[in-house]
Amino acid sequence: MATIGTKSYDAVVAQKVAFLGLGVMGLPMAGHLARAGHDVTVYNRTPAKAQAWAAEFGGHHAATPREAVAGAQIVFACVGNDDDLRSIVLGPDGAFSGMAPGAVFVDHTTASADVARELYAQAKGLGLNFIDAPVSGGQAGAVNGALTIMCGGEEAVFDAIKPVAQCFGRAVTLVGAPGAGQLAKMVNQICIAGIVQGLSEAVAFGQAADLDMKLVLDVISKGAAQSWQMENRGGTMVDDKFEFGFAVDWMRKDLGLVLAEARANGARVPLTALVDQFYGDVQKMGGGRWDTSSLIKRLRD
């Protein structure tokens, strides 16, 4: 069972909440909710994981999403993709069938903007509320309660959930209407893809030129080339280590969402499409579970 980092929580009124999905992100996010004093019930497709979470954090676990959300004022979720999201939300055992009128479903899954709009409309028809709220910051951000959360939805609903979401977020921002949170996450992934490819080429170039690349990265990180990726992944790329969180398989899923949305809205994303192919090369090398900085491997091997 993963532990969570220490964090000082703002004083807020304790609420009854549910958390659906206890993966590498969801488990610590739910943990921070419990540590902050909220009454948390969790659901996970693997029941043993939910039971272990409840034993560690003192919350409750339920056998179905519908049971988990009973009486909850806010329901948080973080699962894999659109289909996973629909599977926990819809149907007789889904969250929507068990939520009380006026309750809010906050989806932290990185999913399509289409499914966010779809579920928002269904929620409204049932007297419920829905916020799409994908996150950035990776596993470390979840463990430390320092995620960046991009939200789409109605302002009054966002204002109600923000203080609770801040238990695991350092920046919780409403960026627009339903679906806008997912679109903002796509912008985030476009930026990361280009930066990591550029950093990969730079490190590989410097090593081919027999430079001390850790020293060079330390120097240039004090200038205009500085980035989070350089600060946090440059040294591990030099060391050929790629076990630091967000996996290539997940990035390809996210870039697939980006490319589908670009086809629909007419945006031109040639670099993103190219880097997506490069990540495909990494998968063929057996690196689907390596972190995203492993792009450099295809320049070496």
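Criteria and thresholds
- Residues numbered from 1 in each chain as written.
- Predicted model: local features only at pLDDT ≥ 70, side-chain atom pairs only at ≥ 80, totals over all residues.
- Heavy atoms only, no water.
- UniProt positions renumbered as here; feature names shortened; annotations may be inferred.
- Helix = DSSP H or I, 4+ residues; strand = E, 2+ residues; numbered from the N terminus.
- Rg over C-alpha atoms; globule rule 2.2 N^0.38 Å.
- Buried < 20%, exposed > 50% of the residue type's maximum accessible area, 1.4 Å probe, protein only.
- Contact = heavy atoms within 4.5 Å.
- Areas by Shrake-Rupley, 256 points an atom, 1.4 Å probe, with all protein chains shown as cover.
- Lys, Arg positive; Asp, Glu negative; His and termini not counted.
- Charge placed at Lys NZ, Arg CZ, Asp CG, Glu CD.
- Phe/Tyr/Trp six-rings, centres within 6.5 Å; stacked < 30°, edge-to-face > 60°.
- Disulfide = S-S within 2.5 Å.
- Salt bridge = Lys/Arg side-chain N within 4 Å of Asp/Glu carboxyl O.
- Polar contact = N/O pair within 3.5 Å; in protein donor to acceptor, adjacent residues only side chain to side chain.
- Axes fitted to C-alpha atoms, helices over the stretch in contact; angles between N-to-C directions.
- Parallel < 35°, antiparallel > 145°, perpendicular 65-115°, else oblique.
- Left-handed = near helix turned anticlockwise from the far one by under 90°.
- Nonpolar A, V, L, I, M, F, W, Y, C, P; charged D, E, K, R; others polar.
- Pairing = 2+ DSSP bridges.
- Right-handed = clockwise from strand over helix to strand, strands pointing away.

Going by an unreviewed UniProt entry, the protein chain carries the name NAD(P)-dependent oxidoreductase and comes from Achromobacter seleniivolatilans. Its UniProt record gives the protein chain the following Sequence similarities (unreviewed entry) comment, quoted word for word: "Belongs to the HIBADH-related family."

### Some details on the overall build of the protein chain
Helix and strand content of the protein chain: 14 helices and nine strands. Computed over the C-alpha atoms, the radius of gyration of the protein chain is 20 Å, within 12% of the 19 Å expected from 2.2 N^0.38 for a compact globule of 301 residues. Taken along its principal axes, the extent of the C-alpha atoms in the protein chain is 65 × 45 × 35 Å. For the protein chain, with 301 residues in total, the buried portion stands at 50%. A fraction of 67% describes how many contacts in the protein chain between residues 6 or more apart in sequence connect residues 24 or more apart. About 13200 Å² of surface is accessible on the protein chain, with carbon and sulfur atoms providing 54% of the total. Within the protein chain, the 30 negative side-chain charges are centred at a point lying 1 Å from the centre of the 25 positive side-chain charges.

### Let's talk about the UniProt feature "domain: 6-phosphogluconate dehydrogenase NADP-binding" (unreviewed entry) in the protein chain
When the UniProt feature table is mapped onto this chain, "domain: 6-phosphogluconate dehydrogenase NADP-binding" (unreviewed entry) is found at residues 16-176. Across residues 16-176, helical content stands at 42% and strand content at 25%; the span's end C-alpha atoms are separated by 27 Å.

### Points about the packing of aromatic side chains
By the definition in use, this model includes seven aromatic pairs. Each ring, one from F19 and one from F76, has its centre 6.2 Å from the other, and the planes form 20°; the classification is stacked. In this pair, F19 sits in strand β1 (residues 16-20) while F76 sits in strand β4 (residues 74-77), placing the two residues 57 residues apart along the sequence. Pair check on accessibility: F19 and F76 agree, each one buried.

### What about the state of the cysteines?
In this structure the tally under the stated criterion is zero disulfides. No disulfide involves C78; its sulfur sits 13 Å from that of C151, the nearest cysteine. Here C151 falls in the buried class, since its relative accessible area comes to 1%.

### Remarks on the side chain of D291
Mapped onto the elements of the fold, D291 is located in the loop between α13 (270-284) and α14 (297-300). Of the side chains with opposite charge, R233 comes closest to the buried, unpaired D291, at an N-O distance of 4.4 Å. A polar side-chain atom of D291 sits 3.3 Å from the main-chain amide nitrogen of E243. Of note is the side chain of D291, whose polar atom sits 2.4 Å from the side chain of S293. For D291, the residues in contact, after removing those within four places along its chain, are R233, K241, F242, E243, F244, G245, F246, A247 and V248.

### Regarding the environment of V143
Within the element layout of this structure, V143 appears in helix α7 (residues 138-143). C-alpha of V143 to C-alpha of M25: the two residues are 118 residues apart in sequence and 7.6 Å apart in space.

### A closer look at unusual backbone geometry
In this structure, D210 is a non-glycine residue whose phi angle is positive, near 65°. Here D210 shows up in the loop between α9 (180-208) and α10 (213-220). The backbone of D240 shows a phi angle near 60°, a positive value even though the residue is not glycine. One can find D240 in the loop between α11 (228-238) and α12 (248-265).

### Overview of the packing of helix α6 (residues 113-125) against α9
Axis separation between α6 and α9 bottoms out at 8 Å; the angle between their running directions is 165°. Classed by the angle they form, the pair α6 and α9 counts as roughly antiparallel. For the element pair α6 and α9, the recorded crossing hand is right-handed. On α9, the residues that touch A113, A116 and R117 of α6 are Q182, L183 and M186. Of the residues that constitute the contact of α6 with α9, the class distribution is four nonpolar, one polar and one charged.

### A closer look at the pairing of β1
For β1, a buried count of four out of five residues is recorded, marking the element as mostly surrounded by other parts of the structure. The pairing of β1 with strand β2 (residues 39-43) spans five bridges and is parallel. When the sheet's bridge partners are listed, V17 is paired in β2 with V40. Tracing the backbone out of β1, into helix α1 (residues 26-35) and back to the parallel element β2 gives a crossover that is right-handed. As defined by bridge partners, β1 adjoins β4 across four bridges and the pair is classed as parallel. Along β4, the bridge assignment pairs V17 with I74.

### Overview of the pattern of salt bridges
Counted by the stated rule, this structure contains twelve salt bridges. Taking the shortest distance from any N to any O, the salt bridge between D83 and R86 comes out at 3.6 Å. Within this pair, D83 and its partner R86 are both found in helix α4 (residues 82-89), separated by three residues, close to a single helical turn. Between R252 and D276 there is a salt bridge whose closest N-O contact spans 3.0 Å. Of the two residues, R252 sits in helix α12 while D276 sits in helix α13, which places them 24 residues apart along the sequence. Residue D276 is classed as buried on the basis of its relative accessible area of 10%. Residues joined by salt bridges that share partners form a network here, namely D83, R86 and E118.

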